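Below are the chains, spelled out letter by letter.
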Amino acid sequence: MLRPENEDDLAEAIASASAPLCIQGGGTRGLAVPGEILSTTGLSGVELYEPGALTLVVKAGTPLAEVENLLASEGQRLAFEPMDHRGLLGTKGEPTIGGVIAGNISGPRRIQVGAARDHLLGVRFVDGTGQVLKNGGRVMKNVTGYDLVKLMCGAHGTLGVLSEVSLKVLPKPECSGTMVLYGLGWTAALKVFCDVLKSPYDVTGVARLPGRDGDYDRTFVRVEGFEDSVKYRLNKLYEMFSDFPVEKLTMNSETNVRIWQSVQDVDPFHDKPGDVWRTSVKPTDMIRVTGMWDYKHVVDWGGGLIWSLVSEGVDLREKLTDVPGHATLVRASDETRTQLGVFQPQPAPLAAISHGLRQKFDPKGILNLGLMG
Amino acid sequence: MEMPVPDPAILSRKAHLSRRLGAVLPADAIIASEAETRAYECDALTAYKCPPLLAVLPRTTAEVSDILRICHEEGVPVVPRGSGTSLAGGALPTADCVILGVARMNEVLETDYENRIIRVQSGRTNLSVSGAVEEDEFFYAPDPSSQLACAIAGNIAMNSGGAHCLKYGVTTNNLLGVTMVMMDGTIVEIGGAHLDAAGLDLMGVICGSEGQLGVVTEATLRILRKPEGARPVLIGFDSNEVAGACVSDIIKAGVLPVAIEFMDRPCIRACEAFAKAGYPDCEALLIIEVEGSEAEIAHQLTLIKGIAQSHSPVELREAGDAEEAARIWLGRKSAFGAMGQINDYMCLDGTIPVSSLPFVLRRIGELSKEFGLDVANVFHAGDGNMHPLILFDANKPGDLELCEEFGAEVLKLCVDAGGCLTGEHGVGVEKRDLMLYQYSAVDLEAQLKVKDVFDPKWLLNPAKVFPLSETQSRRQVLAAE
């Protein structure tokens, strides 16, 4: 395993590599490819944190927990709520901020504040030839040249290995509250999703978890902000659905925190046998996925993101060929992954562009070869 | 400012090219006469002008595809154009180029409130996107000052921002899908009504690529429900430093207003003389807008006023009703017009870390004395996006050059402070030659490689964004073919 401890050594390691490398942060997201492991965990530490400017610059291998603790000490947070994959995948290790960015990992609040990519201000990375490159910076508005920052976010290390990321952080609101609706069918749930997101009440989470052992399914709507405002908006939402079996949750309660943690980390599928797919569709197409009654589904992003627990080897993608969007095989045996592919294949012209970019940034073909098509 | 020498071989083929385009376009879509092409000789950066060889005004994606395919086959450069409001010369033609204007492509294709999206043709103006959903209490968030005129196509090309992006983000954060035509005529669909596009974030790199990677003909945009209400507060200070410190304290306190606008004394005076908004005569003015329910507005304003009081403001005025709110915004919104009336000016667009605001403002003041040109500052303080307006006299020989030199120094100052050359206007031709100040040659090379992939012959808006010296070998390949 290669574990460079500074950017120069990282560049040297890649420049001198002639065989494929498996780029790894904490190794918790289950996307390892064949090849020698190149770990970024040696590149760790905070470079700059300016709470008054909502900016954090941190080395890519820094543990996510360290980043979150630091921000919490100033009453701030990564607003996009990155998921922890360990529970779902049964992986060990310590998630890194670089891994979050490389995978563009975003949780329930994505519907309101955007994805990880929307909070990434700048990157430093090493391309497949060993060249150290930078793009973007540490300011919130920057249109100077091409936005390779976005391109690197979600590229899973295929265009370069992140060495440093610069992030926009946000204040943690003083209060959070959740409305819970019990036992809604999918059609009723979808109507709730769309109605609350069309409301002016600035909801920051809209999700649905399947009931445990015969319990009712639960639909959740979250609001955050100043306490009076949260109470007010929660009441308004409650009034919208007074005909439903509905409950308002005590604000800032343990339960409230736990609910959103469960949604973010897809708790209901932990330790359950079967493959797990992650489908991104427009909310009104949610029914097309959740309509597959044989499977259990966890829904986030107001219907836009569906986690499905299916029997081993089932090709969910094949059942959704006429639904715009895409499906990723997140958990499955190596055999199924090879057979079905983890990422959704792209239409030919886009695949050609992606291939062209990979050839330019990784001409030796050594960075996470085989990942992302 | 240097532009590439027009290719005489292309100039000599004008009639031929016109005929080929005429075979696939209606007659009124091609503009070839010298009198008419002059309308496309510049954008809002009027210091530089050059009529194009031809201008074409397609109505459909298929027509755009035909135009690009023909130009690709003929080796003719294409400069895409939205509404021509670029302040950076993004749509400035060369004499041997075809201007591809999308102004006639302005239809709303789909409005979908359940999924909170609108799909439009890219020539539609920014404000008319919001206009199309306004009656149903929705809006499109990015709001550049030119929103009445600027097109979504240009917004995407420049990744435009606006006053309210502190909360809602810029174009790239509100763009979900595009239909784009590649230089060889291939039509591609990226993203859609779902929240994240599959594969590499190609949309992320297309947005802000200044029309160099493809021509976006349709866009799926995120629309948002209007907040219950919004209210601005105006706060005057007797120094820029104190105003800057107040901004930083507000953000640190966990309040996130939708807008924090900053004006300095020269700007306040000009706006006041022009718009008579009733601004106080002071060194620095903040306009801070919060939104939400009545209770939320009141709560946020109480916090903001408390923080402001601790900085001893000379004036603190909260809008009591809609009319007072409009008056508070009136001066700010007419700032550019006001400055334009008293002088020629050049509007800069560097961004700096909010914490270096006082230092940068002080240094701009010193530079102003050194160069002997006045500067008025008006900008989005919450995100550090400065808009220094350098005043000059276009009729005075040498003044424009002096102004450009001064502007370059200010932009370098922004980079030195940890910021960047442009926050929302784009590089265009205006800041092209400063790119090597912010990026190393290898950093730029990485960007050029991206263009190599999308547009291998370097025909799309080829003389923009990068210093000509850095792109020369690539552009010459096409000339040689």
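For every chain, the first residue of the written sequence is number 1, and numbering continues from 1 along that sequence. Chains and ligands are labelled sequentially in the order written, the chains with letters from A and the ligands with numbers from 1. Local features in this predicted model are restricted to residues of pLDDT 70 or higher, and side-chain atom pairs are both shown and tallied only at a pLDDT of 80 or more, whereas totals for entire chains, interfaces and linings draw on every residue. Processing note: side-chain calculations cover all non-hydrogen atoms of the structure and skip hydrogens and water entirely.

Participant: I'd like a rundown of the pattern of salt bridges, residues and numbers included.
Facilitator: Residue and element names in this part refer to chain A. Counted as salt bridges are all cases of a side-chain nitrogen of Lys or Arg within 4 Å of a carboxyl oxygen of Asp or Glu. Applying the stated criterion to the full structure yields 55 salt bridges over all chains. Its salt-bridge partner being E81, residue R222 comes within 2.9 Å of it at the nearest N-O pair. Taken as a pair, R222 in strand 12 (residues 218–225) and E81 in the loop between strand 5 (76–77) and helix 3 (86–89) lie far apart in primary sequence, 141 residues in all. The exposure class assigned to R222 is buried, which follows from its relative accessible area of 3%. To sort residues, take the accessible area from a 1.4 Å probe on protein chains only and compare it with the maximum for the residue type: under 20% means buried, over 50% means exposed, and anything in between is partly exposed. Using a relative accessible area of 9% as the deciding quantity, one classes E81 as buried. For helices the rule is a DSSP run of H or I covering at least 4 residues; for strands it is a run of E covering at least 2, with both sets numbered from the N terminus onward.

Participant: Tell me what's going on with the sheet that holds strand 14 (residues 284–292) of chain B, and back it up with residues and numbers.
Facilitator: Residue and element names in this part refer to chain B. Pairing is antiparallel across the open sheet formed by seven strands, whose spatial order is 15-12-14-13-17-18-16. The open sheet is flanked by strand 15 (315–318) and strand 16 (344–347), the only strands paired with a single partner. Taken pair by pair, the neighbouring strands of this sheet meet at an average axis angle of 15°, ignoring direction. Here, any two strands with at least 2 DSSP bridges between them count as paired. Bridge count between strand 13 (residues 259–264) and strand 14: six bridges; the pairing is antiparallel. Directly across from I260, in strand 14, lies its bridge partner I288. Fitting a line to C-alpha atoms yields each axis, with helices limited to the stretch in contact; the angle taken between N-to-C directions then spans 0 to 180 degrees.

Participant: Talk me through the interface of chain A and chain B; I want residue IDs and the actual numbers.
Facilitator: Chain A puts 68 residues into the contact, and the matching count from chain B is 91 residues. Summed over both partners, buried area is the accessible surface (1.4 Å probe) that two parts give up on being assembled. In total, chain A and chain B occlude about 6,500 Å² of area from one another, counting both sides; carbon and sulfur atoms represent 60% of this. Per-residue buried area on chain A facing chain B is highest for K141(A), V143(A) and Y146(A); these three make up 15% of the total on that side. In this structure, the connection of chain A to chain B is made through nine salt bridges. Among the salt bridges present, the one from E424(B) reaches K141(A), with a minimum N-O distance of 2.8 Å. A 3.5 Å cut-off defines polar contacts: any pair of N or O atoms within that distance qualifies, except that in protein one atom must be a possible hydrogen donor and the other a possible acceptor, and neighbouring residues in sequence count only when both atoms are side-chain atoms. Taken together, the links from chain A to chain B amount to 25 residue pairs in polar contact (both at pLDDT 80 or more). Here the residues of the side of chain A that touches chain B sort into 33 nonpolar, 18 polar and 17 charged. Contact definition: two residues touch when any of their heavy atoms are within 4.5 Å. Throughout this entry, Asp, Glu, Lys and Arg are counted as charged residues, while Ala, Val, Leu, Ile, Met, Phe, Trp, Tyr, Cys and Pro are counted as nonpolar. The remaining residues, Gly among them, count as polar.

Participant: Could you give me a rundown of the sheet that holds strand 8 (residues 175–181) of chain B, with the residues and numbers involved?
Facilitator: Residues and elements named next belong to chain B. Spatial strand order, 5-6-10-8-9: five strands in an open sheet with antiparallel pairing. Strand pairing shows two members of the sheet lacking a second neighbour, strand 5 (108–112) and strand 9 (187–191), which therefore form its edges. On average, each strand axis in the sheet is inclined to that of its neighbour by 10°, with strand direction left out of account. Bridge count for strand 5 against strand 6 (residues 117–121) is four bridges, and the pairing is antiparallel. Bridge pairing in strand 6 links D112 to I117.

Participant: Hey, could you go over the side chain of D285(A) for me, with residue numbers and the actual values?
Facilitator: Residues and elements named next belong to chain A. Looking at the element boundaries, D285 is found in the loop between strand 14 (275–281) and helix 10 (286–290). In this structure D285 is buried but unpaired, with K282 as the nearest side chain of opposite charge at 4.7 Å. Discounting residues that sit within four places of it in the chain, D285 has contacts with V323 and P324. None of His or the chain ends enter the tally, which takes Lys and Arg as positive and Asp and Glu as negative.

Participant: Let's hear about the pairing of strand 13 of chain B: which residues, and what values?
Facilitator: Burial of strand 13 of chain B is extensive: six of the six residues sit out of reach of the surface. The side-chain alternation of strand 13 of chain B yields two buried faces, one formed by A259(B), E261(B) and M263(B) and the other by I260(B), F262(B) and D264(B).

Participant: Which residues make up empty space enclosed by the protein, and what values go with them?
Facilitator: Method remark: on a 1 Å grid restricted to protein atoms, a set of points is classed as a cavity if a 1.4 Å probe fits but cannot get out and as a pocket if it is open with protein on both sides within 12 Å along at least five of seven lines; lining residues have an atom within 4 Å of a point. Grid points are joined across faces, edges and corners, and a volume is the space filled by probe spheres set on the points. Within this structure, the stated rule accounts for two cavities of 30 Å³ or more. In this structure, the largest cavity encloses a volume near 60 Å³. Forming the boundary of the largest cavity are A53(A), T55(A), L121(A), R138(A), V139(A), M140(A), I352(B), P353(B), V354(B) and D383(B). By residue class, the composition of the lining of the largest cavity is seven nonpolar, one polar and two charged. In this structure, the second largest cavity occupies an estimated 30 Å³ of space. In this structure, the second largest cavity is lined by M83(A), S106(A), G107(A), V263(A), Q264(A), D300(A), L305(A) and W307(A). Secondary structure elements with two or more residues in the lining of the second largest cavity: helix 9 (254–264) and strand 16 (305–310) of chain A. When grouped by side-chain class, the residues that make up the lining of the second largest cavity number four nonpolar, three polar and one charged. Where each domain starts and ends follows an automatic or database-derived domain assignment. In this structure, the lining of the second largest cavity is formed jointly by two domains, domain 1 (7–171 + 357–361) and domain 3 (267–340) of chain A, each of which donates at least three residues.

Participant: Can you explain the domain arrangement of chain A? Please cite residues and give values.
Facilitator: Residue and element names in this part refer to chain A. According to the domain assignment, chain A contains domain 1 (7–171 + 357–361), domain 2 (175–264) and domain 3 (267–340). When each unit is reduced to the centre of its C-alpha atoms, the spacing between domain 1 and domain 3 is 26 Å. Taken together, the contact between domain 1 and domain 3 spans eleven residues of the former and ten residues of the latter. Counting the surface lost from both domain 1 and domain 3, the interface buries some 880 Å², and carbon and sulfur atoms represent 65% of this. Applying the counting criterion to the domain 1 and domain 3 interface returns zero salt bridges. Taken together, the links from domain 1 to domain 3 amount to four residue pairs in polar contact (both at pLDDT 80 or more). Of all the secondary structure elements, the ones that give two or more residues to the side of domain 1 that touches domain 3 are helix 3 and helix 5 (110–113). Per element, the largest residue contribution to the side of domain 1 that touches domain 3 is three residues, and it comes from helix 3.

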